[in-house]
Amino acid sequence: MNLLAFAARRLAGAAVLLVLLSAAAFAATAVLPGDAVSAVAGVDASATQRAEVRADLGLDRPAAERYAAWAADALRGDLGRGFVGERPVADVLTTRLPNSLLLAALTLAVTAPLAALLGLWTGMRGGGADRVVSTSAQILAAVPEFVVAALLVAVLAVWLEVLPRVSVIPLGGTPLDVPHALVLPVLTLSAVGLAVATRLLRASVADTAATPYCEAARLNGVRGVRLAVRHILPNAAGPAVQALTLTTGALVGSAVVVENVFDYPGIGRELQLAVAARDVPMVQGIATALVAVMLAVLLLGDICARLLGAREEHSR
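This is a predicted model, so every value here is computed, not measured.

Once that is clear, we can look at the overall build of the protein. Helices and strands together make up the secondary structure of the protein, namely twelve helices and zero strands. If one aligns the C-alpha atoms of the protein with their principal axes, the spans along those axes are about 85 × 55 × 30 Å. Among the 316 residues that make up the protein, the fraction classed as buried is 38%. Across the protein, contacts joining residues at least 24 apart in sequence account for 72% of those joining residues at least 6 apart. As presented, the protein carries roughly 16,900 Å² of accessible surface, and 66% of it is formed by carbon and sulfur atoms.

Another point: the packing of helix 7 (residues 145–159) against helix 8 (residues 183–209). Angle between the axes and distance between the axes are the two parameters that describe a pair of packed helices. Contact geometry for helix 7 and helix 8: axes closest at 9 Å, N-to-C directions at 130°. The angle between helix 7 and helix 8 places the two elements in the oblique class. For the pair helix 7 and helix 8, the crossing hand works out as right-handed. Mapping the contact onto sequence places Glu145, Val148, Ala149, Leu152, Val153 and Leu156 in helix 7 and Leu184, Leu187, Thr188, Ala191 and Val192 in helix 8. Grouping the constituent residues of the contact of helix 7 with helix 8 by class yields nine nonpolar, one polar and one charged.

Ring pairs (aromatic) are described by centroid distance and by the angle formed between their planes. This model, assessed by the stated rule, comprises two aromatic pairs. Connected via pairs of aromatic rings, a cluster forms that spans Phe26, Tyr67 and Trp70.

On to the side chain of arginine 66. In this fold, arginine 66 is placed in helix 4 (residues 63–75). Here arginine 66 is in contact with Phe26, Gly58, Leu59 and Arg61, once residues within four sequence places are set aside.

This paragraph deals with the side chain of threonine 111. Inspection of the secondary structure puts threonine 111 in helix 5 (residues 89–125). Beyond its immediate sequence surroundings of up to four residues, threonine 111 is in contact with Ser190, Gly193, Leu194 and Ala197.

So, about the pattern of salt bridges. Tallied over the full model, the rule gives six salt bridges. In this structure, arginine 96 and glutamate 270 form a salt bridge, with 3.2 Å as the shortest nitrogen-oxygen distance. Of this pair, arginine 96 sits in helix 5 while glutamate 270 is found in helix 11 (residues 267–276), placing the two residues 174 residues apart along the sequence. Several salt bridges converge on common partners, so that one network encompasses Arg87, Arg96 and Glu270.

Turning our attention to helix 11. Regarding helix 11, the residues found buried are Ile267, Gly268, Glu270, Leu271 and Ala274. Taken around the axis of helix 11, the buried residues stretch over an arc of 155°, which confines them to a single face. At the C-terminal side of helix 11, arginine 278 shows a positive phi close to 55°.

On to the environment of valine 257. Along the chain, valine 257 falls in helix 10 (residues 224–261). What makes valine 257 partly exposed here is its relative accessible area of 30%. Separated by 161 residues in the primary sequence, valine 257 and arginine 96 place their C-alpha atoms 15 Å from one another. With residues near it in sequence (within four places) discarded, valine 257 still touches Glu145 and Phe146.

Okay, the nonpolar core next. Counting 23 residues, the largest nonpolar core has Leu93, Ile267, Met282 and Ile286 as its most contacted members. For this core, the elements supplying multiple residues, two or more each, are helix 4, helix 5, helix 11 and helix 12 (280–315). Other than its neighbours up to four places away in sequence, methionine 282 contacts Gly82, Arg87, Val89, Val92 and Ala274. Val153, Val186, Leu251 and Tyr264 belong to the second largest nonpolar core, which has 15 residues in total.

The next point concerns unusual backbone geometry. The phi dihedral of glutamate 86 is positive, around 50°, even though this residue is not glycine. Tracing the backbone through its elements, the reader meets glutamate 86 in the loop between helix 4 and helix 5. Its relative accessible area of 55% is what places glutamate 86 among the exposed residues. Even without glycine at this site, arginine 278 takes up a positive phi of about 55°. Residue arginine 278 is classed as partly exposed on the basis of its relative accessible area of 22%.

Calculation rules
Residues numbered from 1 in each chain as written. Predicted model: local features only at pLDDT ≥ 70, side-chain atom pairs only at ≥ 80, totals over all residues. Heavy atoms only, no water. Helix = DSSP H or I, 4+ residues; strand = E, 2+ residues; numbered from the N terminus. Buried < 20%, exposed > 50% of the residue type's maximum accessible area, 1.4 Å probe, protein only. Contact = heavy atoms within 4.5 Å. Areas by Shrake-Rupley, 256 points an atom, 1.4 Å probe, with all protein chains shown as cover. Axes fitted to C-alpha atoms, helices over the stretch in contact; angles between N-to-C directions. Parallel < 35°, antiparallel > 145°, perpendicular 65-115°, else oblique. Left-handed = near helix turned anticlockwise from the far one by under 90°. Nonpolar A, V, L, I, M, F, W, Y, C, P; charged D, E, K, R; others polar. Phe/Tyr/Trp six-rings, centres within 6.5 Å; stacked < 30°, edge-to-face > 60°. Salt bridge = Lys/Arg side-chain N within 4 Å of Asp/Glu carboxyl O. Arc of directions from axis to C-beta. Core = buried A, V, L, I, M, F, W, Y, C linked by side-chain atoms within 4.5 Å.

Here it is, written out as structure tokens:
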């Protein structure tokens, strides 16, 4: 299968998955207790007023009919308006998603090189160093993100006092206006991402190092840095790219927690607020956008891994 056909097949699969996951997100909001009527009408509203608000919001219609109407509008590029505040969902995405992407980019800039070095070192070396790093990564991966965040705040903000406990970003500003507001969220996400990526990359390097052509290279006297650069890195590049894309997927879920812990103005924070208010259009639009971004990252990773795999086969 050539690359174009491979990409088209993956793209079609991603489109189907996007539809299924958007329907799942809508179903999840539909079964949550309560609705947005209380947030819009107020807790003191009468039964008549609540019924009128429910009808105005379309919540009196069957869930399947509401999803079909939303999907038809979304295909035309209209994600609708939130129930609370009537903010256009597209405007929220335009405002908040870049902040989350900035956080993800900085996290990957920290995580990728460190994970590559640790994964290469432990995968080639083995022994006690491998066990220590692998065990540490496994333990860190099992620690919830909010616990990592609390520990970093305790150490860096309370004990060492090198960072403020709370970093307030001015209304209408961006995280770049207050750079230190990025430090603790990036460190928290990097710790989580590093644990996941190191384990995946270590496994890829160890598998590559055990292949016959690497064993033959060792018998010919190729060791250390030369072995890593000439044989292991080129042939582990494809799985490494896939490992990093999987790490990016893990960071999406972690970012929702971390943004809320640090009150970071990202899309994860908006999603939590929308879920709390039962703001279905906002939840639906944000969840679909996050899924689309994640699927795009996975698709790009698959294509890169395919290219690197073809290059690897050609070089053997």
